[in-house]
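Architecture and fold: a report
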Protein chains: 2
Amino acid sequence: MKRLGILGGNQVAQMTVQAAISFGIDTAILERFADSPASRLTQYSVIGDWTDAAALGEFAKMCDVITLENEFVDAWGLALLEGRGLSVYPSSETLTLTQDKFWQKNRLEAEHISLPAFRAVETPDDVIAVGEAFGWPLVLKARRDGHDGYGNVILQKPTDIHAAWTQLVRRNGRKLMVEQFISFAAELAVIVVRGRDGIICTYPVVETIQRDHICHIVRAPAQISSDIAQRAAAIARTAVEAVNGVGVFGVELFLLHDGTLLFNEMAPRPHNAGHFTIEGCVTSQFENHIRAVMGWPLGATEMIAPAAVMVNLLGTREGIVHPESVHHALSVPAAHIHFYGKRVVDFGRKMGHVTVLGATLEEAETVALHAANWVDL
Amino acid sequence: MKRLGILGGNQVAQMTVQAAISFGIDTAILERFADSPASRLTQYSVIGDWTDAAALGEFAKMCDVITLENEFVDAWGLALLEGRGLSVYPSSETLTLTQDKFWQKNRLEAEHISLPAFRAVETPDDVIAVGEAFGWPLVLKARRDGHDGYGNVILQKPTDIHAAWTQLVRRNGRKLMVEQFISFAAELAVIVVRGRDGIICTYPVVETIQRDHICHIVRAPAQISSDIAQRAAAIARTAVEAVNGVGVFGVELFLLHDGTLLFNEMAPRPHNAGHFTIEGCVTSQFENHIRAVMGWPLGATEMIAPAAVMVNLLGTREGIVHPESVHHALSVPAAHIHFYGKRVVDFGRKMGHVTVLGATLEEAETVALHAANWVDL
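Each chain has its residues counted from 1, following the order in which its sequence is written. Note on labels: chains are lettered from A, ligands numbered from 1, in written order. Only residues with pLDDT of at least 70 are given local features in this predicted model, and only at 80 or more are side-chain atom pairs given and counted; all residues enter the totals for whole chains, interfaces and linings. To obtain the side-chain values, all non-hydrogen atoms of the structure were used and water was disregarded.

1. Overview of the overall build of chain A
Every helix listed is a DSSP run of H or I at least four residues long, and every strand listed is a run of E at least two residues long, numbered separately from the N terminus. Regarding its fold elements, chain A presents 11 helices and 20 strands. For the radius of gyration, the atom set is restricted to C-alpha positions; the globular benchmark scales as 2.2 Å times the number of residues to the power 0.38. Taking 377 residues into account, the globule formula puts the C-alpha radius of gyration at 21 Å, and chain A, at 20 Å, falls close to it. Within the span of chain A, comprising 377 residues, buried residues form 61% of the whole. Per-residue and other accessible areas were derived by the Shrake-Rupley procedure at a 1.4 Å probe size, with only the shown protein chains allowed to occlude residues. Carbon and sulfur atoms make up 51% of the accessible area of chain A, which totals about 14,000 Å². Three exposure classes are used, based on accessible area relative to the maximum for each residue type with a 1.4 Å probe and protein chains only: buried under 20%, partly exposed in between, and exposed over 50%.

2. Quick notes on the sheet that holds strand S6 (residues 118-121) of chain A
Residues and elements named next belong to chain A. Two strands are counted as paired when DSSP detects at least two bridges linking them. Taken in spatial order, the 4 strands line up as S6-S9-S7-S8 in an open sheet, and their pairing is antiparallel. If you trace the sheet from one side to the other, it starts and ends with S6 and strand S8 (152-155), each paired once. For this sheet, the mean angle separating the axes of adjacent strands, direction not counted, is 25 degrees. Across 5 bridges, the pairing between strand S7 (residues 138-142) and strand S9 (residues 176-180) is antiparallel. Bridge pairing in S9 places Leu140 opposite Val178. Axis angles are defined between N-to-C directions and span 0 to 180 degrees, where every axis is a line fitted to C-alpha atoms and, for a helix, only to the segment in contact.

3. Points about the confidence of the model for chain A
The predictor attaches a confidence to each residue, and that confidence, scored 0 to 100, is pLDDT. Counting all residues, the mean pLDDT for chain A is 95, and 100% of those residues have values of 70 or more. Both scores are available for the predicted complex, with the pTM at 0.96 and the ipTM at 0.94.

4. Looking at the packing of helix H1 (residues 11-21) of chain A against helix H1 (residues 11-21) of chain B
Taken N-terminus to C-terminus, the directions of H1(A) and H1(B) make an angle of 155 degrees; their axes are 10 Å apart at the nearest point. With respect to each other, H1(A) and H1(B) are oriented roughly antiparallel. Viewed along their axes, H1(A) and H1(B) form a crossing whose handedness is left-handed. Residues A:Gln14, A:Gln18 and A:Ile21 of H1(A) lie in contact with H1(B), whose contacting residues are B:Gln14, B:Gln18 and B:Ile21. Roughly parallel means an angle under 35 degrees; roughly antiparallel means over 145; roughly perpendicular covers 65 to 115; every other angle is labelled oblique. Definitions for this section: a left-handed crossing has its near helix turned counterclockwise from the far helix by less than a right angle. A right-handed crossing has that turn clockwise. Two residues qualify as a contact provided that any one of their heavy atoms is within 4.5 Å of a heavy atom in the partner residue.

5. As for the nonpolar core
Among the nonpolar cores identified, the biggest contains 94 residues, and A:Ile337 and B:Ile337 are the most heavily contacted of them. In contact with A:Ile337, not counting residues within four places along its chain, are A:Val326, A:Ala329, A:Leu330, A:His353, A:Val354, A:Ala371, B:Ser22 and B:Phe23. In this description, a nonpolar core means a group of buried Ala, Val, Leu, Ile, Met, Phe, Trp, Tyr and Cys residues linked to one another through side-chain atoms lying within 4.5 Å. One finds A:Phe102, A:Leu115, A:Phe118 and A:Val205 within the second-largest nonpolar core, a separate group that totals 28 residues.

6. Thoughts on the relation of the copies chain B and chain A
When the copies are overlaid, the least-squares fit takes in C-alpha atoms only where the residue has pLDDT of at least 70 in both copies. Superposition record for chain B on chain A: RMSD 0.0 Å, screw rotation 180 degrees, translation along axis 0.0 Å. One copy is carried onto the other by what is essentially a two-fold rotation axis. Residues of chain B ranked by C-alpha distance from the rotation axis are headed by B:Leu41, positioned 2.2 Å from it. Comparing interface residues between copies, 100% of those in chain B also sit at the interface in chain A, which points to an isologous, same-surface contact.

7. Quick look at helix H6 (residues 124-134) of chain B
All names here are of chain B. Along H6, the residues classified as buried are Val127, Val130 and Gly131. Taken around the axis of H6, the buried residues stretch over an arc of 105 degrees, which confines them to a single face. Counted as exposed and oriented over 90 degrees from the buried face of H6: Asp125 and Glu132. Among the structural elements, strand S6 (118-121), strand S7 (138-142), strand S8 (152-155), helix H7 (161-172) and strand S9 (176-180) are those in contact with the buried residues of H6. Once H6 ends, the next one or two residues include Gly135, with phi positive near 85 degrees. Here the arc refers to the set of directions running from the helix axis out to each C-beta atom.

8. Details of the interface of chain B and chain A
Chain B puts 34 residues into the contact, and the matching count from chain A is 35 residues. By convention, the term buried area covers the 1.4 Å-probe accessible surface removed from two parts as they join, with the contributions of both added. A buried area of about 3,400 Å², summed over both sides, lies between chain B and chain A, and 57% of it is on carbon and sulfur atoms. Note on definitions: salt bridges are taken to be side-chain nitrogens of Lys or Arg within 4 Å of carboxyl oxygens of Asp or Glu. If you look at where chain B meets chain A, you find 4 salt bridges. Any pair of nitrogen or oxygen atoms within 3.5 Å is treated as a polar contact; in protein, a donor-acceptor pairing is required on top of that, and neighbouring residues in sequence qualify only through side-chain atoms on both sides. At the boundary of chain B and chain A, one finds 15 residue pairs in polar contact (both at pLDDT 80 or more). The element contributing the most residues to the side of chain B that touches chain A is strand S18 (residues 336-339) of chain B, with 4 residues. Only Asp, Glu, Lys and Arg are considered charged, only Ala, Val, Leu, Ile, Met, Phe, Trp, Tyr, Cys and Pro nonpolar, and every remaining residue, Gly among them, polar. Taken together, the residues that form the side of chain B that touches chain A break down as 16 nonpolar, 14 polar and 4 charged.

9. Focus: the pattern of salt bridges
Following the criterion strictly, the structure yields 40 salt bridges over all chains and no others. B:Arg343 is paired through a salt bridge with A:Asp26; the nearest N and O atoms lie 3.0 Å apart. Of the two residues, B:Arg343 is situated in the loop between S18 and strand S19 (344-345) and A:Asp26 in strand S2 (residues 26-31); the pairing between them involves two chains. The salt bridge partner of B:Lys141 is B:Glu265, with a shortest N-O separation of 3.2 Å. Here B:Glu265 lies in strand S15 (residues 261-267) and B:Lys141 lies in strand S7, a separation of 124 residues in the sequence. Each of the two residues, B:Lys141 as well as B:Glu265, counts as buried.

10. Re the packing of aromatic side chains
Residues and elements named next belong to chain A. In this scheme Phe, Tyr and Trp rings, the latter by its six-membered ring, pair at centre separations within 6.5 Å, and the angle between planes marks the pair as stacked below 30 degrees, edge-to-face above 60, and tilted otherwise. Per the counting criterion, the structure on display carries 6 aromatic pairs over all chains. Considering the side-chain rings of Phe23 and Trp296, the 5.3 Å spacing of their centres and the 90 degrees angle between planes classify their relative orientation as edge-to-face. Taken as a pair, Phe23 in the loop between H1 and S2 and Trp296 in the loop between helix H10 (285-294) and strand S16 (307-314) lie far apart in primary sequence, 273 residues in all. Summarising the burial analysis for this pair, Phe23 and Trp296 share the class buried. A ring pair is formed by Phe102 and Phe118, whose centres lie 5.8 Å apart and whose planes are at 70 degrees; its orientation type is edge-to-face.

11. A few points about the sheet that holds S9(B)
Residue and element names in this part refer to chain B. Reading across the sheet, the 4 strands line up as S6-S9-S7-S8 and stay open at both edges, with antiparallel pairing between neighbours. Lying at the two open borders of the sheet, with one neighbouring strand each, are S6 and S8. For this sheet, the mean inter-axis angle between neighbouring strands, taken without regard to orientation, is 25 degrees. Across the face of the sheet, helix H5 (residues 101-110) comes into contact with S6, S7 and S9 while running at roughly 145 degrees to S6. Strand contacts of H6: S6, S7, S8 and S9, with the helix running at about 165 degrees to S6, the strand carrying the most contacts.

12. Digging into the side chain of B:His216
Mapped onto the elements, B:His216 comes out in strand S13 (residues 214-220). Residues contacting B:His216, with those up to four places away along its chain left out, are B:Ile209, B:Gln210, B:Arg211, B:Met310, B:Val311, B:Asn312 and B:Leu369.

13. So, the environment of A:Trp76
Residue placement: A:Trp76 occurs in helix H3 (residues 75-83). The spacing of A:Trp76 and A:His327 is 251 residues in sequence and 44 Å in space, taken between C-alpha atoms.

14. Here's the deal with the packing of H3(A) against helix H4 (residues 92-99) of chain A
Residue and element names in this part refer to chain A. Where H3 contacts H4, the two axes come as close as 8 Å, and the packing angle between them is 175 degrees. Classified by the interaxial angle, the pair formed by H3 and H4 is roughly antiparallel. Here Ala75, Leu78, Ala79 and Glu82 of H3 lie close against H4, whose contacting residues are Ser92, Leu95, Thr96 and Gln99.

15. Concerning unusual backbone geometry
With omega at 0 degrees, the peptide bond leading from B:Tyr89 into B:Pro90 counts as cis. With an omega of -5 degrees, the peptide bond between B:Trp136 and B:Pro137 qualifies as cis. Residue placement: B:Pro137 occurs in the loop between H6 and S7. A positive phi angle, close to 50 degrees, is found at A:Asp212, a residue other than glycine. For A:Asp212, a relative accessible area of 67% translates into the label exposed.

16. A few points about the state of the cysteines
Residue and element names in this part refer to chain A. Only a pair of cysteine sulfur atoms within 2.5 Å qualifies as a disulfide here. Taken as a whole, this structure holds 0 disulfides over all chains when the rule is applied. Here Cys281 stays unpaired: no disulfide links it, and the sulfur of Cys201, its closest cysteine neighbor, is 12 Å away. A residue is classified by how much of its surface remains accessible, and Cys281, at 5% relative accessible area, is buried.

17. Focus on the side chain of A:Arg291
Here A:Arg291 shows up in helix H10. Ignoring any residue separated from it by four or fewer positions in sequence, one finds A:Arg291 in contact with A:Phe23, A:Thr283, A:Trp296, A:Pro297, A:Leu298, A:Gly299, B:Leu330 and B:Ala335.

Written out as structure tokens, the structure is:
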């Protein structure tokens, strides 16, 4: 039996391992920190940095196929694994084109995908020049390693630049970019899966509701016209094909008030906007990710209920996780509780999620929020 | 976070661990053989016999709550774990009343549950005496440790006794019993889950189709009248309450041509007849087993589709498992493939299963059998 290695050991890796169990596939985990949720589920665990050639080498010996759970892994690390003859999906080429948002958007602009105006910046003065060209407000973004809003700051006016620049450089390094600020009607997401053979499928388009820049609620399917849904799916497919992606990708889009769709960004891995697929679709995003990276046929992506709503369980304090946190929420009928087994909670940290299926989005969302409110984080 | 220990490391343990991941619960496995499917999913694995006090002692140190995946574990082993202050479900008392089929039936007869006439036998001559009382044919059964038909032999006439007696004693030891042979219209099964607090739920009654005494197909729900379904569920609940069971139990029943229901036997663990619940019900039998033994609220047991059919994937040869065995079956849309990750295949060995949901049993069964036929075992 082939062993599947995953770079990263948090919840996306954990849910990928959970799906791999159905196929009897062995997994291995490389994660920076000991006792990660996914590393507990294997006897093949390496603790080390994804930029540590020795750790990568040790990991390579355990694996036949390698994938990742986040895009903070360095493309050169994937290239090193490819050089040892391993099957690596997404490939180092795909990760290179994806993990730097400036390069990602350059690549997609070349495919004529509509997206907010953007420009790389090297100094605060460059931002002032962009503001004169695009107008204000602007979004200052880290080109790499941003997540859950930690890589983005909205600039209302030139005097906002200094603090934002300092904050992002401290956290994410010197590579920044600026984008036109978009006033959207809704944020949409499309989970795409593409096989090694290039066969590509999309899941139903969903609406994502952010709170404090972190995904809070996902509504599946999004309440949009079939024309918009088809255009969103087409953009998402084109984007994944443009980077020759293999595996699952989460593609985020802005829906404007006039019906225009703009590409926002994509992540080369199973995505928070696709967690609802575990109970909500014939084949979950995690199972399809495994099928894709193993070179197996993809599974059906249709929903199995008219509506599904996912609510993230976010930390509201700093400290140790209490085992009984989810106890009360388990009393809510039909609420599917996922609790990631993280040992420590922090403000805004993703600790779990709840998914509820229903006849309507309203019904499912009411139950999901009710269950989420019973979780004491 | 509490750690859940499971005695046994095969597919039932594996699917229990898979369900435990959704709650972030750590698991530990005690299994006789190294490299069992479930032991690969934890860093807390003890290899040793369930009758080895030292192995049980080592295991006890790792765990807070203990359950089992098969009834071949000895009740005294559970009592030893209880004596160390662990929460053990099913309890040693329940296992004592359940794992010996003669004691099990004695207990249920006392609750006025209808079941085939039975009698313990100590010598072949005892069987002849039972034949004179009950008439022929008879079923000679091992009182313990039988599974998948390996503990039963049908006796058509007195001259069949000698060979059957020798075979069963060699395989299962000297404790045998005899039962009246039942000519049934159908075999039914009810998955029951009972919490620590005594709250009890049943899953929809299913029909099981055996082939060579091994479960081949499970049809959910069974095509029976609601009166029969209600009586079957009531018998199953009474049976589990009669042994003070906590956790999931699989209760098997005979449906006679006149509508009579007879209790056949029950197993104190998640059951092959309940594997369809993974995709087919709001809460799977494995998730509900965890909820029950942890002392948490039980989840809803309703089906999420009009029909579900499960087909077992049984070995058809002796040898090493080929990783590509399930590859073709993955092309069948809507077939949920489970492959248990056993390294070695044997004739009749349970290697995996396929579940398909559908609008009708016929539709689901056609697709499930089609997918199963594509698996090369």
